[in-house]
Amino acid sequence: TALNHVGDWYASRKPEALTTTEDLEKAFYYLDKCIDLTENNGYKGNYSTFKYNKIKALALANKLDEAELLMANLIAPLSETDGRKPYFLAQQALIKAKQKQKDSSLSYFYRAVDIVHSDSVKLAQDFKNFKPSTNYGHTKLLLRISEELQRYFPQDKGVQKIVANLYPMAFLQFENSYDKRKFNETQKTYLKQIIQGILQTKKLGYNKEISPVHILNRYENIKNLIAWQKFNKNRQINNYPELDSLQLRDYSLRSLIAQAKSESKIHIEDSLQTLLSQTEKFTKETFPNLSLFNQTNFEVKTLQDQLRKDQLVLKYIVLENHIAVYTITKNDLNVVLKPWSSDDNSEIETLINQLKNQKFNYDDAMPIAQKILPEIPEDIEHIVINPEEILNNLPFE
């Protein structure tokens, strides 16, 4: 197992374009050694995982025929309920994509997504009836499939339409599977990848039915919960076993209520709602300050109802390599997606350092302003700014 981890690390520690021949030689050395120990020397170990990692290394080395054969042998004995199967199928699809076999690649990708689809009704070819599973790892799988399709078929309009469908599916999968009790850094990463993918595909003319308001509502509510999870993880609050128990009870009751509702078991649902109310009351009495940290549901409409006609809200979402700039007024909402890179972060850091030293360079500030500040209507008198990431340190005034 240790040899497998070392071998896989050499193969996957860098982006594919930066992976060298030396990296792959070391990967093969360790992976072949662990496979030999398992196959020929009686060592116990997860043989299929070792083989899978070798296949990934072979694909990176463009030894595609060998990788394809090994992958087919791994997939063949697996049942449809085997949790490994969608990942193996996606890897075979990647190999086919590298071989420029588009139809075969799409077929394997579809089969992988069909297994993730958790309804008894077969997944439609356009994915419109997709029902998410409760497996958080499937979020990463859907994102990986969309990434690979974009990489190998960037000019194919049919493939781009599939990619456009995959991002809303990944959003559903994320919402249905991420752990709402514990903070996990990957949650924030996946969420930003999904939002960027949806906004990019909308910019290309896809996903027109998904409104910017709908995207922002869902993003803000998940982001608020993730922020609370992170705070909760890092505070002394975690040292209270009683609170941990109450939070677990609250989560469990809500899950049972959702299940009872879906099964139309009204009496059970009513009883569970009573227990939940009692739990919430006891928690509030025992930990009166807890409500200071819990976030209520965010709705753009509620925010707009509170705005005057001369007020504007600027909301920023810093994504993987783009920035989304939302402008919200009492009667309107618009979003602009702009490229964003490490160079942009460096420009902001330079400006912040200048200001710390009581210096201000107009020429350094102007490119940043042009990138992140939209045109402000003349009738706006008051601007509320909601930044994130590095923009939190930028003095917008």
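Reference entry: report on the structure contained in this document. Quick caveat: nothing in here was measured; it's all calculated off a predicted structure.

## Quick word on helix H14 (residues 342-356)
- Helix length check: H14 (15 residues) gives 21 Å between terminal C-alpha atoms against 21 Å at 1.5 Å per residue, within 8%.
- Within H14, burial applies to Asp344, Ile348, Leu351, Ile352 and Gln354. Down the axis, H14 shows its buried residues gathered within 160° of arc, on one side only. Of the residues in H14, the exposed ones pointing more than 90 degrees away from the buried face are Ser342, Asp343 and Lys356.
- On its buried face, H14 sits against strand E3 (333-339) and helix H15 (362-372).
- One or two positions beyond H14, positive phi appears at glutamine 358, with a value near 60°.

## A word on the pattern of salt bridges
- All chains considered together, the criterion is met by 28 salt bridges.
- Among the ionic pairs, lysine 51 bridges to glutamate 39, the shortest N-O distance being 3.9 Å. With lysine 51 in helix H3 (residues 47-60) and glutamate 39 in helix H2 (residues 21-40), this residue pair connects regions lying 12 residues apart in the sequence.
- Taking relative accessible area as the criterion, glutamate 39 reaches 44% and is therefore assigned partly exposed.
- Of the charged contacts, one joins aspartate 305 and lysine 301 as a salt bridge, the two residues approaching to 2.9 Å between their closest N and O atoms. Note that aspartate 305 and lysine 301 are positioned in helix H13 (residues 300-306) at a spacing of four residues, about one turn of the helix.
- Linked through salt bridges whose partners overlap, the residues forming this network are Lys188, Lys192, Glu220, Lys223, Lys315, Glu388 and Glu389.

## Brief notes about the nonpolar core
- Counting 73 residues, the largest nonpolar core has Val113, Ile145 and Phe174 as its most contacted members.
- In this view, valine 113 contacts Leu123, Phe127, Phe130, Leu142, Ile145, Leu166 and Met169; residues no more than four positions away in its chain are not counted.
- Listed in part, the 18 residues of the second largest apolar core include Val318, Ile352, Ile380 and Ile390.

## Description of the environment of leucine 351
- Note that leucine 351 resides in helix H14.
- Take leucine 351: its relative accessible area is 6%, and that puts it in the buried class.
- For the pair leucine 351 and lysine 203, spaced 148 residues apart in sequence, the C-alpha separation works out to 31 Å.

## Some words on the environment of proline 212
- Relative to the helices and strands, proline 212 is located in helix H10 (residues 212-234).
- For proline 212, a relative accessible area of 23% translates into the label partly exposed.
- For proline 212 and tyrosine 326, which are 114 residues apart along the polypeptide, the C-alpha to C-alpha distance reads 8.9 Å.
- The residues touching proline 212, leaving out its near neighbours within four places in the chain, are Lys202, Tyr326, Leu333 and Val335.

## A short note on the side chain of glutamine 311
- Structurally, glutamine 311 is set in strand E1 (residues 311-318).
- When its relative accessible area of 8% is taken as the criterion, glutamine 311 is described as buried.
- A polar side-chain atom of glutamine 311 sits 2.8 Å from the main-chain amide nitrogen of arginine 308.
- A distance of 3.0 Å separates the side chain of glutamine 311 from the side chain of histidine 382, its partner in a polar contact.

## Points about the side chain of glutamine 99
- Within the element layout of this structure, glutamine 99 appears in the loop between helix H5 (85-98) and helix H6 (102-116).
- For glutamine 99, the side chain forms a polar contact with the side chain of glutamate 68, separated by 3.2 Å.

## Section: the sheet that holds strand E4 (residues 382-386)
- One open sheet accounts for four strands, arranged E3-E2-E1-E4; its pairing is mixed. With one partner strand each, in any of the chains shown, E3 and E4 form the two edges of the open sheet. Strand-to-strand twist of the sheet, defined as the mean angle between neighbouring strand axes without regard to direction, takes the value 20°.
- Strands E1, strand E2 (322-328) and E3 of the sheet are contacted by helix H9 (residues 185-203), whose axis makes an angle of about 100° with E3.

## Points about helix H1 (residues 2-12)
- Within H1, the full set of buried residues consists of Asn4, Gly7, Asp8, Tyr10 and Ala11. Down the axis of H1, the buried side of the element spans an arc of 155°, and every buried residue falls inside it. Of the exposed residues in H1, the ones pointing more than 90 degrees away from its buried face are Ala2 and His5.

## Here we look at a nonpolar patch on the surface
- A cluster of nonpolar residues, Leu355, Phe360 and Tyr362, forms a patch on the protein surface that exposes about 330 Å² of accessible area.
- Tracing the chain through its elements places leucine 355 in helix H14.
- Under the relative-accessibility criterion, leucine 355 is labelled partly exposed at 31%.

Calculation rules
- Counting starts from 1 at the beginning of each chain's written sequence and moves along it residue by residue.
- Two thresholds apply to this predicted model, a pLDDT of at least 70 for residue-level local features and 80 or more for giving and counting side-chain atom pairs, whereas whole-chain, interface and lining totals are computed over all residues.
- Excluding hydrogens and water, the side-chain figures rest on all heavy atoms present in the structure.
- Counting from the N terminus, the helices are DSSP H or I runs at least four residues long and the strands are E runs at least two residues long.
- A helix's residues, less one, multiplied by 1.5 Å, set its expected span.
- Accessible area is worked out with a 1.4 Å probe on protein chains only. A residue is then buried under 20% of its type maximum, exposed over 50%, and partly exposed in between.
- This arc describes the spread of directions from the helix axis toward the C-beta atoms.
- Between two residues, a contact is recorded if the distance between any of their heavy atoms is within 4.5 Å.
- Salt bridges, as used here, are contacts in which a Lys or Arg side-chain nitrogen is within 4 Å of a carboxyl oxygen on Asp or Glu.
- Here, nonpolar core refers to any group of buried Ala, Val, Leu, Ile, Met, Phe, Trp, Tyr and Cys residues whose side-chain atoms link them within 4.5 Å.
- As used in this structure description, the phrase polar contact means that two N or O atoms lie within 3.5 Å; if the pair is within protein, one of them must be able to donate a hydrogen and the other to accept it, and residues adjacent in sequence are counted only when both atoms belong to side chains.
- Two strands pair under a simple rule: DSSP has to find at least two bridges between them.
- Axis angles are defined between N-to-C directions and span 0 to 180 degrees, where every axis is a line fitted to C-alpha atoms and, for a helix, only to the segment in contact.
- Patch members must show over 30% relative accessible area and no salt bridge, and they are joined within 9 Å when carrying like charges or within 5 Å when they are nonpolar side chains of Val, Leu, Ile, Met, Phe, Trp or Tyr.
- In this description, accessible areas are obtained by the Shrake-Rupley approach with a 1.4 Å probe, and a residue is regarded as covered only by the protein chains that are shown.

Geometry only, nothing functional implied.
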